[in-house]
Amino acid sequence: MAFQKAVKGTALIGGGAIATVFGLSQFSQHRNKHGALVQVQAAEAVPARKEHLPTREQQLVALQCRGEFDVLVIGGGATGCGCALDAATRGLKTALLERDDFSSGTSSRSTKLIHGGVRYLQKAIMKLDFEQYRMVKEALEERAHLLQSAPHLSGALPIMLPIYKWWQLPYYWIGIKLYDLVAGSQCLKSSYVLTKSRALELFPMLRRDKLVGAIVYYDGQHNDARMNLAIALTAARYGAATANYTEVQHLLKNSDTGRVCGVRCRDVLTGKEFDVRAKCVINATGPFTDSVRKMDDQEVPNICQPSAGVHIVMPGYYSPDNMGLLDPDTSDGRVIFFLPWEKMTIAGTTDKVRNYLGPDVEVRRGDVLAAWSGIRPLVTNPDSKDTQSLSRNHVVTVSDSGLITIAGGKWTTYRAMARDTIDAAVTMGLQLEGAEDWSPTLYIRLVQDYGLESEVAQHLASTYGDKAFEVAKIAQVTGKRWPIVGKRLVSEFPYIEAEVVYGVKEYARTAVDIISRRTRLAFLNVQAADEALPRIVDIMAKELNWSEQKKKEELETAKTFLYYEMGYKVKTDQLTDSSEISLVPADIERYKKRFRMFDKDKKGFITILDVQRVLQSISVQMDENTLHEILNEVDLNKNGQVELNEFLQLMSAIQKGRVSGSRLAVLMKSAEENLRRQCIPVDRSGGGL
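Analysis parameters
Residues numbered from 1 in each chain as written. Predicted model: local features only at pLDDT ≥ 70, side-chain atom pairs only at ≥ 80, totals over all residues. Heavy atoms only, no water. UniProt positions renumbered as here; feature names shortened; annotations may be inferred. Helix = DSSP H or I, 4+ residues; strand = E, 2+ residues; numbered from the N terminus. Buried < 20%, exposed > 50% of the residue type's maximum accessible area, 1.4 Å probe, protein only. Contact = heavy atoms within 4.5 Å. Areas by Shrake-Rupley, 256 points an atom, 1.4 Å probe, with all protein chains shown as cover. Core = buried A, V, L, I, M, F, W, Y, C linked by side-chain atoms within 4.5 Å. Phe/Tyr/Trp six-rings, centres within 6.5 Å; stacked < 30°, edge-to-face > 60°. Lys NZ or Arg CZ within 6 Å of the ring centre and 35° of its normal. Axes fitted to C-alpha atoms, helices over the stretch in contact; angles between N-to-C directions. Parallel < 35°, antiparallel > 145°, perpendicular 65-115°, else oblique. Left-handed = near helix turned anticlockwise from the far one by under 90°. Nonpolar A, V, L, I, M, F, W, Y, C, P; charged D, E, K, R; others polar. Pairing = 2+ DSSP bridges. Salt bridge = Lys/Arg side-chain N within 4 Å of Asp/Glu carboxyl O. Polar contact = N/O pair within 3.5 Å; in protein donor to acceptor, adjacent residues only side chain to side chain.

In the nomenclature of an unreviewed UniProt entry, the protein is known as Glycerol-3-phosphate dehydrogenase of Geospiza parvula. Here the protein is described in UniProt, under the heading Function (unreviewed entry), as follows: "Calcium-responsive mitochondrial glycerol-3-phosphate dehydrogenase which seems to be a key component of the pancreatic beta-cell glucose-sensing device."

The structure is reproduced here in structure tokens:
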């Protein structure tokens, strides 16, 4: 059993594991049934790119009918899709199997940064560790490549390092300048120092006490799930037979040599089982690395040590629109960060967020819009005792039966983990799905040519790149003067219904695929995702011919996903039937008065009709579906009406900070203020003059 750390130029590097079978020259190699190496010449140029993306059904047929593949990759995360893309662009006959959806695991649950690793450079310098330095150097090179290959999905992000001790200022300044120096010509922008006043101007929520200044450096940021999907789709366009929801049941082995020669797999959606034969089988399953290795050998020792990282999403005002904050030197040694993403803020480590900001900033439970946990597939050996000291470099094992396993690494270096399989020159400069004809002003053409809202057009351009026009072509007419096309799934986010249809073309097969990876609604606001689900299910049902029973199952599955995996349980627990009412008598009377403005008939509850009547009196229009959603948020017993006790529970929870952003509370307060202005007596208003 070989177990080696990846060193540049070594055959056993990440995706270069294929190279142990295929070699690193322009000739690829594989073993025949006798175990001897046989050379098969790979294509000398990148094969033609398919204009039309094959459907999932066509890909399943290809897996079953194209005979023996050169390369079969298990795992549809960043590493697995990167391996498939490298192999396909070299002209190798390539297959990729993923038991769930592309990027359904770790690759969609990152901090969204494309980085070289400032902390790793610090370790490299302090401990004179050349391996750490080499990893940072490689990651910075790959950062540049990733930003160039998918500019519509990524960009540079300035990140502020707050300084709380004077001696740290020169220390961090030297470290960050070395980070720029290691990046060389691929440095995104030069780092710089900020005074205390300027740092607080840019990030006013910081604690003022003990702050002496800040340093700003640049790293990359991307939409991780869309980036992963773009890699998978690009591999498919170059001929790779890629299939999501296709689970590997067990490995196939040659009866004569005992070597792995393929897999038995099952279409999760239909239950059909079939074999896929391949000369080389690669295990790129991230946190599930060891489970696949044990399919090959039950006695094999574990090499993957998963480490969970929790992220929460908060409103955008918790960070500037175009600057993140990172503090790598907290009291307990853990990193804390606030990063702007999709007009929201990703924050962590979660238990330190509340104490990190200034005392005048009240961080409330209700401000948590979504939460998720990502499992980092850190590579370890039996002597490792903790995850903090583990390198995020990648390692490789090659079993006696020929199963090749790629483990470890990080998002930024996905291509480096795969490129050593084939000559690096083949994929250098290769652009991912949507990047070919993308430009920063592409969204303007979408507005001009299709009549999309500017915000929606910008979203489509930055998500689909030049494929945004294909989404716009299938967008429905709104029936309004403006926008002409593009019905939104929820009013506060720029996602439109046409994206659901297009998502099905991009191999989405469940409602969870749409809300979490084809769009990022579940990662941005679980409540908005929940509201959009019925419409999403209806559209998918039409595209995929779902029965009413299937629609019901999809809706329940998606709601369960939001509830348990994306933090909705915490959010719904903020207001329950047993919530206490902790209001002083004056507040209770004030809120009762506001409630009675809507409950004119003194029924003790309000309905959609009551709210519509008040809104009409102040010349505000709102469609019935939206009103139903607004009332449903507060309707605890789900009887179609909001009772006085439920309203008082809501207002009490808002005062305690357990709930924020309640649309009903905001709507009722706004209506009360409007009605009060309309009722000002003539003699108090100056006689109307």
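*Asks:* Run through the overall build of the protein, naming residues and quoting values.
*Replies:* Scanning the protein from N- to C-terminus turns up 26 helices and 22 strands. Relative to its 689 residues, the protein shows a buried fraction of 56%. When contacts within the protein are restricted to residue pairs at least 6 apart in sequence, those whose partners lie at least 24 apart make up 70%. Counting every atom, the protein has about 29900 Å² of accessible surface; 52% of that belongs to carbon and sulfur.

*Asks:* Can you tell me about the nonpolar core, naming the residues and giving the values?
*Replies:* By size, the foremost hydrophobic cluster in this structure holds 61 residues, and its most contacted members are F493, I515, L521, I536, L562 and M566. Per-element accounting of this core gives the leading share, ten residues, to helix 19 (residues 526-544). Apart from residues lying up to four places away in sequence, M566 is in contact with R109, A370, A371, W372, A522, F523, V526 and F561. Formed by 41 residues, the second largest nonpolar core is a distinct cluster that contains V73, A88, A150 and A284.

*Asks:* Describe the packing of aromatic side chains, with residues and values.
*Replies:* Under the counting rule described, the total for this entry stands at 13 aromatic pairs. Their ring planes at 55° and their centres at 6.3 Å tell us that F102 and Y507 sit as a pair that is tilted. With F102 in the loop between strand 5 (94-97) and strand 6 (113-114) and Y507 in the loop between helix 16 (498-505) and helix 17 (511-518), the pair connects residues that are 405 residues apart, well separated along the chain. Here F102 and Y507 have matching classes, each one buried. With 6.3 Å between their ring centres and 50° between their planes, Y450 and F469 make a pair best called tilted. Pair noted here: Y450 is in helix 13 (residues 442-450) and F469 is in helix 15 (residues 468-473), with a separation of 19 residues, a long-range link. Residue classification places Y450 among the partly exposed residues on the basis of a relative accessible area of 22%. Aromatic ring contacts, followed pair by pair, group W167, Y171 and Y172 into a single cluster. Cation over ring: R99 sits above F288, and NZ or CZ is 4.8 Å from the ring centre. Taking NZ or CZ as reference, K603 lies 5.4 Å from the ring centre of F605, over its face.

*Asks:* Would you mind going over the environment of A371 in detail, with residue names and values included?
*Replies:* Mapping A371 onto the fold places it in strand 18 (residues 370-379). Taking the C-alpha atoms as reference, A371 lies 8.0 Å from Y568; in sequence the two are 197 residues apart. Residue contacts for A371: discarding those within four places in its chain leaves H311, I312, E565, M566 and G567.

*Asks:* Would you mind going over the packing of helix 13 against helix 14 (residues 454-464) in detail, with residue names and values included?
*Replies:* The geometry of helix 13 relative to helix 14 is characterised by a closest axis approach of 8 Å and an angle of 130° between their N-to-C directions. On the basis of the axis angle, helix 13 is oblique to helix 14. As for how helix 13 packs across helix 14, the hand of that crossing is right-handed. Judged by residue contacts, L442, Y443, L446 and V447 of helix 13 engage S454, A457, Q458, L460 and A461 from helix 14. Considering only residue class, the contact of helix 13 with helix 14 consists of seven nonpolar, two polar and no charged.

*Asks:* How would you sum up helix 14? Please name residues and give values.
*Replies:* Within the sequence span of helix 14, burial applies to V456, A457, H459, L460, A461, T463 and Y464. Elements that come into contact with the buried residues of helix 14 comprise helix 8 (224-237), helix 13, helix 15, helix 16 and helix 17.

*Asks:* Explain the pairing of strand 5 residue by residue, including any values.
*Replies:* Residues T94 and L96 of strand 5 are buried on one face, and the alternating residues A95 and L97, pointing to the opposite face, are buried as well. Strand direction decides the pairing type here: strand 4 (residues 69-74) and strand 5, joined by four bridges, are parallel. Across the sheet, residue V71 finds its bridge partner in strand 5, namely T94. As paired elements, strand 5 and strand 10 (residues 241-243) share three bridges and run parallel to each other. The residue of strand 10 that forms the bridge with L97 is A243.

*Asks:* Hey, could you go over unusual backbone geometry for me, with residue numbers and the actual values?
*Replies:* Following W482, the chain continues into P483 via a peptide bond in cis, with omega recorded as -5°. At Y245, a position not held by glycine, the phi torsion is positive, near 50°. Judged by relative accessible area, which is 7%, Y245 ranks as buried. Despite not being glycine, K602 shows a phi value in the positive range, around 55°.

*Asks:* Please provide a residue-by-residue account of the pattern of salt bridges, values included.
*Replies:* With the rule as written, the count across this model stands at 36 salt bridges. Beyond isolated ion pairs, a larger network of salt bridges with shared partners links D101, D513, R517 and R518.

*Asks:* Break down the side chain of S401 for me, citing the residues and quoting the values.
*Replies:* By the secondary structure assignment, S401 is in the loop between strand 19 (394-398) and strand 20 (404-408). Within the structure, the side chain of S401 is placed 2.5 Å from the side chain of D296, a separation counted as a polar contact. Setting aside residues no more than four positions away along its own chain, S401 makes contact with K253, G258, R259, V260 and D296.

*Asks:* Can you tell me about helix 16, naming the residues and giving the values?
*Replies:* By the criterion of burial, helix 16 is predominantly enclosed, with seven of the eight residues buried. Residues of helix 16 that are buried: A498, E499, V500, V501, Y502, G503 and V504. The secondary structure elements touched by the buried residues of helix 16 are helix 14, helix 15, helix 17 and helix 19. Following helix 16 by one or two positions, Y507 adopts a phi angle in the positive range, close to 75°.

*Asks:* Quick one: what's the story with the side chain of R109, residue by residue and with numbers?
*Replies:* Relative to the helices and strands, R109 is located in the loop between strand 5 and strand 6. With a relative accessible area of 11%, R109 lands in the buried category. Among the polar contacts listed, one links the side chain of R109 to the side chain of E565, at a separation of 3.1 Å. Once residues lying within four places of it in the same chain are set aside, the contact partners of R109 are S104, D224, H311, W372, S373, G374, F523, F561, E565 and M566.

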